[in-house]
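An overview of the molecular structure
Letter by letter, the chains look like this.
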Amino acid sequence: MDTRTLERFARSARRQLHEQVAARLERVLRTDSAELREHAAAVQKLKDEIKATSRAAVVERVAYTWFNRFCALRFMDVNHYTALGVVSPAEGFTQPELLQEAKQGHIDDALPVDRQRVFDLLGGRLPAREPQQEAYRLLLVGACNGYHGAMPVLFEPIADYTELLMPDDLLSEGSILQAVRDALTPDACQDEEVIGWLYQFYIAEKKEAVDEKVKAGGKVEPDELPAKTSLYTPDW
């Protein structure tokens, strides 16, 4: 396994997710739109969470949540643990298979998603700035929540505000999902240790910052303990 590629990806992905989640957070807090008014309770929960912790803490937690899910779903897709590619395209296509099937009018009845809303977005009957992006966001959240019963630790039910802060771009060549697919190749996904290495590399920058703080005589705060002490142990 080429851990150097995984390290470059995980460090870059953390920065990319932090930027995109933070940008989304600012827009959610400052924008008055019909879409956000439909999610007034989620917006209020987000404000409460920021008040209880901080903006930085919320961004950190939400970014890590989506990193976990995107990587896990890619691993599952490649190893055929999913019926359809949730974040991976079928051969010959560029968009996730889950979205491609929905565009053909097929959504699994077991998927907990508002099927009519997805179809209305894709069919142009529901106004949206990026209808395919919006439809895919719904499908992706539905897939994550659908796996909660089988894997409750990894796929905890997604909080409403976490869904609101999902990165905007999930379908372009520069999206975080494309980066996930490029890094988690079929070869890399043959070894389950890839997940552990991704965790280690994702928290590397935060661990380095905590280490510098300690060297300067600072104290490790409770929210910094995982980065300092929760290290991945390879099989060897």
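The structure reproduced in this document is the subject of the present report.

Quick notes on the rules
Residues numbered from 1 in each chain as written. Predicted model: local features only at pLDDT ≥ 70, side-chain atom pairs only at ≥ 80, totals over all residues. Heavy atoms only, no water. Helix = DSSP H or I, 4+ residues; strand = E, 2+ residues; numbered from the N terminus. Buried < 20%, exposed > 50% of the residue type's maximum accessible area, 1.4 Å probe, protein only. Polar contact = N/O pair within 3.5 Å; in protein donor to acceptor, adjacent residues only side chain to side chain. Axes fitted to C-alpha atoms, helices over the stretch in contact; angles between N-to-C directions. Left-handed = near helix turned anticlockwise from the far one by under 90°. Contact = heavy atoms within 4.5 Å. Nonpolar A, V, L, I, M, F, W, Y, C, P; charged D, E, K, R; others polar. Phe/Tyr/Trp six-rings, centres within 6.5 Å; stacked < 30°, edge-to-face > 60°. Lys NZ or Arg CZ within 6 Å of the ring centre and 35° of its normal. Salt bridge = Lys/Arg side-chain N within 4 Å of Asp/Glu carboxyl O.

One can find T65 in helix 4 (residues 55–78). Residue classification places T65 among the buried positions, given a relative accessible area of 19%. A polar contact of 2.9 Å, which involves the side chain of T65, links it to the backbone oxygen of R61.

Moving on to the packing of helix 1 (residues 3–30) against helix 3 (residues 40–52). In the contact formed by helix 1 and helix 3, the axes pass within 10 Å of each other and the chain directions differ by 115°. In terms of crossing hand, the pair formed by helix 1 and helix 3 is left-handed. For the pair formed by helix 1 and helix 3, the contact residues are L25, V28 and L29 on the first element and V43, L46, K47 and I50 on the second. Of the residues belonging to the contact of helix 1 with helix 3, the class tally is six nonpolar, no polar and one charged.

For the rest of this paragraph, the subject is the packing of aromatic side chains. Enumeration according to the criterion identifies eight aromatic pairs in this entry. Their ring planes at 40° and their centres at 5.6 Å tell us that Y147 and F155 sit as a pair that is tilted. Across the ring face of Y202, the terminal group of R14 is positioned such that the distance to the ring centre comes to 5.9 Å.

Before going further, it helps to examine unusual backbone geometry. Notably, H80 is not glycine yet its phi reads approximately 60°, a positive angle. The residue H80 is located in the loop between helix 4 and helix 5 (97–103) in this model. The exposure class of H80 is exposed, given its relative accessible area of 69%.

The next subject is the pattern of salt bridges. Here the structure, examined in full by the defined rule, presents 16 salt bridges. A salt bridge links R11 to E205; the shortest N-O distance between them is 3.8 Å. Of the two residues, R11 is situated in helix 1 and E205 in helix 11 (residues 204–215); the sequence distance between them amounts to 194 residues. According to the relative accessible area criterion, E205 is partly exposed, its value standing at 23%. Among the charged side chains, a salt-bridge network with shared partners connects E7, R11, R14, R15, E60 and E205.

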